Amino acid sequence: MANDSMLKFVDREQSYPDKRTADERADDFREIAQRYAVEPAEEQAGRCSQCGVPYCSVHCPLHNHIPDWLRLTAEGRLREAYELSNATSTMPEICGRICPQDRLCEGNCVIEFTGHGAVTIGSVEKFITDTAWENGWVEPLVPGKSRGQSVGVIGAGPAGLTAAEYLRGHGYDVHVYDRYDRAGGLLTYGIPGFKLEKPIVMRRVERLKVAGIVFHEGFAVGDDASLDDLRQRHDAILIATGVYKARAMDLPGGGSNGVVAALDFLVASNRKGFGDAVPAFDDGSLNAEGKDVVVIGGGDTAMDCVRTAIRQGAKSVKCLYRRDRANMPGSQREVANAEEEGVEFVWLSGPQSFDGGDTVSSVKVRKMRLGAPDASGRRAPEPDPAGDYSVNADLVIKALGFDAEDLPTLFATPELGVSRWGTVLVDGKTLMTSLDGVFAAGDIVRGASLVVWAIRDGRDVAATMHKWLKTKAANARIAA
Ligand SMILES: Cc1cc2nc3c(=O)[nH]c(=O)nc-3n(C[C@H](O)[C@H](O)[C@H](O)COP(=O)(O)OP(=O)(O)OC[C@H]3O[C@@H](n4cnc5c(N)ncnc54)[C@H](O)[C@@H]3O)c2cc1C
Ligand code: SF4
């Protein structure tokens, strides 16, 4: 039965779900990929070669049971496929949408290596779980029998939400603190709707709320309570605060009106999508409409900014990046999407100054060329004597990446151990920080990374916290 449905990669071509045309998607923030209908999803799943050692699974940070749920999908057993996919992930439909599959599961699919084109794993994963939501197969989270112990989670991004879900399942009282007014972290306020529509995130948060996880939204640890205050309230703490300090670009004119930080721009846009009042958007400061926009950077944040600017009705959108296309960190898939939508990439170019006085009107650009590889293995850019030139710009968006905030100072706990980059240090086995009963996970430990790694970290840390809390409870019983 299984063999009849599978191994169809030789005569069945790879086929991703259709994308809406660039014209259709230029005016809205809806996702650009259509959903598979049932039949094509089953057909595409049936292309899997059912490898004995599935490299897709090995290279998926969650080690999802990919060949197994592909087989179940190909056999039309969608509910079982969903249950298996759900067993290793708290957010399969989100990973299916925004994982860089070309670098993870699909990039390591064996039939990709044979030239037949990878199984469209991410699109099938999204299809399975979306179908599960529509059919009511996504069960409510059932809290375990109460243990009388409580956990405080700082940060409601994918790492914090994942840990909260598993810990609630183990029977802990779980409180999640987040300084934003909505949970979800970068899923909610960073990543634009055209990659991940917000109701998809909000229904996950709602499921956790219904299960009794208490969310303290608009609660900034450091301002509204110190870390020590929370340690008094809870038996264990998880720090899952992500990384939010934008990398600086110290250039003449950098403080001019119209030179803005990427996350400010993206948060404002996402808030408008929720229907919030956003004065800095309404007064034009964070709105690209009618403007010549220059985005500086070559990572995924820069890609999200250029594509957001297009949808806001920018007059022109340029992306300046100091290396070339082959050496950029952002996903090639996103570059292709951006180009289709009308973004102009200006490779081998770096900003020198932001000119025009109080309000920026142009960017002076220096041509670059690639020298020898640097420590990251990518060829390092160096100035090209070919010279400087200027481009018009009424909005410049700086998207150079993010570092960790100074948490020991913010949390008033100088004894919290951090690396020289400010990321929180944890014991490799217990995932505990230098503070007893305080754990950490996600970007604040790894540095800026991926949603799927944050989920993996949340899963791992929930397991080590559970173990530690059980020991704590046992010791308390012995002492009593
Ligand atoms: C613009 C952008 C686009 C991205 N696109 C992708 C993508 O397409 N695919 C992908 O896999 N990854 C993407 N990423 C990376 C991904 O979003 C992160 O790796 C992931 O969200 C990290 O999860 P986290 O839970 O560690 O932190 P976050 O998602 O950052 O969540 C941390 C939470 O902690 C809260 N917090 C911080 N400090 C405090 C405090 N003092 N008190 C209370 N709460 C606090 C924050 O408000 C936030 O809600 C993108 C990142 C950005 C910036
Ligand atoms: S979680 Fe990401 S890497 Fe893993 S199977 Fe899904 S899309 Fe691929």
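Residues numbered from 1 in each chain as written. Chains lettered and ligands numbered in written order. Predicted model: local features only at pLDDT ≥ 70, side-chain atom pairs only at ≥ 80, totals over all residues. Heavy atoms only, no water.

Trainee: Explanation requested: the overall build of the chain in the structure shown.
Mentor: Tallying secondary structure elements over the chain gives 20 helices and 15 strands in all. The dimensions of the chain, computed from C-alpha atoms along their principal axes, are 75 × 60 × 45 Å. Counting only residues that meet the buried cut, the chain has 55% of its 480 residues in that class. Sequence-distant contacts, at least 24 apart, represent 70% of the contacts inside the chain between residues at least 6 apart. Accessible surface, the chain as shown: approximately 20,400 Å² in total, 50% of it carbon and sulfur. Side-chain charges of the chain comprise 56 positive and 67 negative groups, with the mean position of each set lying 3 Å from the other. (Helix = DSSP H or I, 4+ residues; strand = E, 2+ residues; numbered from the N terminus. Buried < 20%, exposed > 50% of the residue type's maximum accessible area, 1.4 Å probe, protein only. Contact = heavy atoms within 4.5 Å. Areas by Shrake-Rupley, 256 points an atom, 1.4 Å probe, with all protein chains shown as cover. Lys, Arg positive; Asp, Glu negative; His and termini not counted. Charge placed at Lys NZ, Arg CZ, Asp CG, Glu CD.)

Trainee: I would appreciate a short explanation of the packing of aromatic side chains in the present structure.
Mentor: Two descriptors summarise a pair of aromatic rings, namely the distance from one centre to the other and the angle between the planes of the rings. Counting across every chain of the model gives 6 aromatic pairs. Between Tyr180 and Tyr189 the ring centres are 4.7 Å apart and the planes differ by 55°, which places this aromatic pair in the tilted class. Each member of the pair, Tyr180 as well as Tyr189, is classed as buried. Taking 6.1 Å as the distance between ring centres and 65° as the angle between the ring planes, the aromatic pair formed by Tyr189 and Phe274 counts as edge-to-face. Here the residue Tyr189 occupies a position in helix H11 (residues 186-189), and Phe274 occupies one in helix H14 (residues 262-274), the gap between them amounting to 85 residues. Over the face of the ring belonging to Phe194 we find Arg311, whose NZ or CZ atom lies 4.0 Å from the ring centre. (Phe/Tyr/Trp six-rings, centres within 6.5 Å; stacked < 30°, edge-to-face > 60°. Lys NZ or Arg CZ within 6 Å of the ring centre and 35° of its normal.)

Trainee: Just checking my understanding: could you explain the pairing of strand S13 (residues 395-398) for this structure?
Mentor: Both faces of the sheet carry side chains from a regular strand, because those side chains alternate between them. Alignment of strand S6 (residues 259-261) against S13, held across 3 bridges, turns out to be parallel. Within S13, the residue paired with Ala261 across the bridge is Lys398. Judged from the 4 bridges that link them, strand S7 (residues 292-296) and S13 form a sheet pairing that is parallel. Paired with Val293 across the two strands is Leu395, which belongs to S13. (Pairing = 2+ DSSP bridges.)

Trainee: What is the right way to read the sheet that holds strand S10 (residues 349-355) from this model?
Mentor: Adjacent strands of a sheet form backbone hydrogen bonds with each other and so pair up, either parallel or antiparallel. Ordered by their spatial adjacency, 3 strands build an open sheet running S10-S11-S12, and the pairing between neighbours is antiparallel. The sheet is open, and its two borders are formed by S10 and strand S12 (379-392), each paired with just one other strand. Averaged over all neighbouring strand pairs, the angle between strand axes comes to 20°, with direction disregarded. Where S10 meets strand S11 (residues 362-373), 6 bridges bridge the pair, whose relative direction is antiparallel. By the bridge assignment, Asp355 is partnered in S11 with Ser362. (Axes fitted to C-alpha atoms, helices over the stretch in contact; angles between N-to-C directions.)

Trainee: Can you help me understand the environment of Ser362 in this one?
Mentor: By secondary structure assignment, the location of Ser362 is in strand S11. Residue classification places Ser362 among the buried positions, given a relative accessible area of 13%. Considering only alpha carbons, one finds Ser362 and Leu395, 33 residues apart in sequence, at a separation of 8.9 Å. Discounting residues that sit within four places of it in the chain, Ser362 has contacts with Ser353, Phe354, Asp355, Val391, Asn392 and Ala393.

Trainee: Just to check I follow, could you spell out the site of ligand 1 for this structure?
Mentor: Taken together, 35 residues surround ligand 1, and among them Ile98, Asp178, Lys195, Tyr244 and Asp443 come closest. Here a nitrogen atom of ligand 1 sits 2.9 Å away from a polar atom, N or O, in the main chain of Val221. Separating an oxygen atom of ligand 1 from a backbone N or O atom of Val451 is a distance of 3.0 Å. Look at ligand 1: alone it shows 1,000 Å² of surface, and the protein chains cover 97% of it. At the level of elements, helix H10 (158-169), strand S2 (173-178), helix H16 (300-311) and helix H20 (451-479) are the ones that each hand at least two residues to the shell around ligand 1. (Near = heavy atom within 4 Å. Polar contact = N/O pair within 3.5 Å; in protein donor to acceptor, adjacent residues only side chain to side chain.)

Trainee: Can you walk me through the packing of helix H3 (residues 38-45) against helix H5 (residues 66-74) in this structure?
Mentor: Running from amino to carboxyl end, H3 crosses H5 at an angle of 135°, the nearest separation of the two axes being 8 Å. As far as their axial angle goes, H5 and H3 are oblique. Crossing hand, H3 versus H5: left-handed. Mapping the contact onto sequence places Ala41, Glu42 and Ala45 in H3 and Leu70, Thr73 and Ala74 in H5. (Parallel < 35°, antiparallel > 145°, perpendicular 65-115°, else oblique. Left-handed = near helix turned anticlockwise from the far one by under 90°.)

Trainee: Would you take a moment to explain the nonpolar core for this structure?
Mentor: Core analysis: the biggest nonpolar cluster contains 75 residues, and Leu70, Ile94, Leu187, Phe215 and Leu238 have the highest contact counts within it. A total of 9 residues in this core trace back to one element, the largest contributor, which is H20. Sequence-distant contacts of Phe215, that is, excluding residues within four places in its chain, are made with Ala156, Leu161, Val176, Ala183, Val205, Leu208 and Lys209. If you look at the next biggest cluster of nonpolar residues, it comprises 30 residues, including Val306, Ala309, Val343 and Trp347. (Core = buried A, V, L, I, M, F, W, Y, C linked by side-chain atoms within 4.5 Å.)

Trainee: Honestly, the layout of surface pockets in this entry has me stumped. Any pointers?
Mentor: Picture a little ball the size of a water molecule; that probe, rolled over the atoms, points out where space is still empty. Roughly 270 Å³ of volume is contained in the second largest pocket. Every element with two or more residues in the lining of the second largest pocket is listed here: helix H12 (198-210) and H14. The residue inventory of the lining of the second largest pocket, partitioned by class, reads 5 nonpolar, 6 polar and 3 charged. (1 Å grid on protein atoms, 1.4 Å probe; cavity = no way out; pocket = protein on both sides within 12 Å on 5 of 7 lines; lining within 4 Å. Points joined across faces, edges and corners; volume = space filled by probe spheres on them. Nonpolar A, V, L, I, M, F, W, Y, C, P; charged D, E, K, R; others polar.)

Trainee: How do you make sense of the side chain of Asp130 when you look at a structure like this?
Mentor: By the secondary structure assignment, Asp130 is in helix H9 (residues 121-134). Exposure remark for Asp130: the relative accessible area of 4% places this residue in the buried category. A distance of 2.9 Å separates the side chain of Asp130 from the side chain of Arg97, its partner in a polar contact. Reaching out from Asp130, the side chain makes a polar contact with the side chain of Arg203 at a distance of 3.3 Å. Those residues in contact with Asp130, other than ones at most four positions away along the chain, are Arg35, Glu93, Arg97 and Arg203.

Trainee: I tried to follow the sheet that holds strand S4 (residues 236-239) on my own but got confused; where do I start?
Mentor: The strand order across the open sheet built from 5 strands is S3-S2-S1-S4-S15, with neighbouring strands paired in parallel fashion. Edge positions in the sheet fall to strand S3 (214-217) and strand S15 (438-440), since each has one partner strand and no second. Strand-to-strand twist of the sheet, defined as the mean angle between neighbouring strand axes without regard to direction, takes the value 20°. Pairing of strand S1 (residues 150-154) with S2, which is carried by 5 bridges, proceeds in the parallel orientation. Looking at the pairing, Gly152 lines up with His175 of S2. Each of S1, S4 and S15 is contacted by H20, which is oriented at about 165° to S4, the strand it contacts most.

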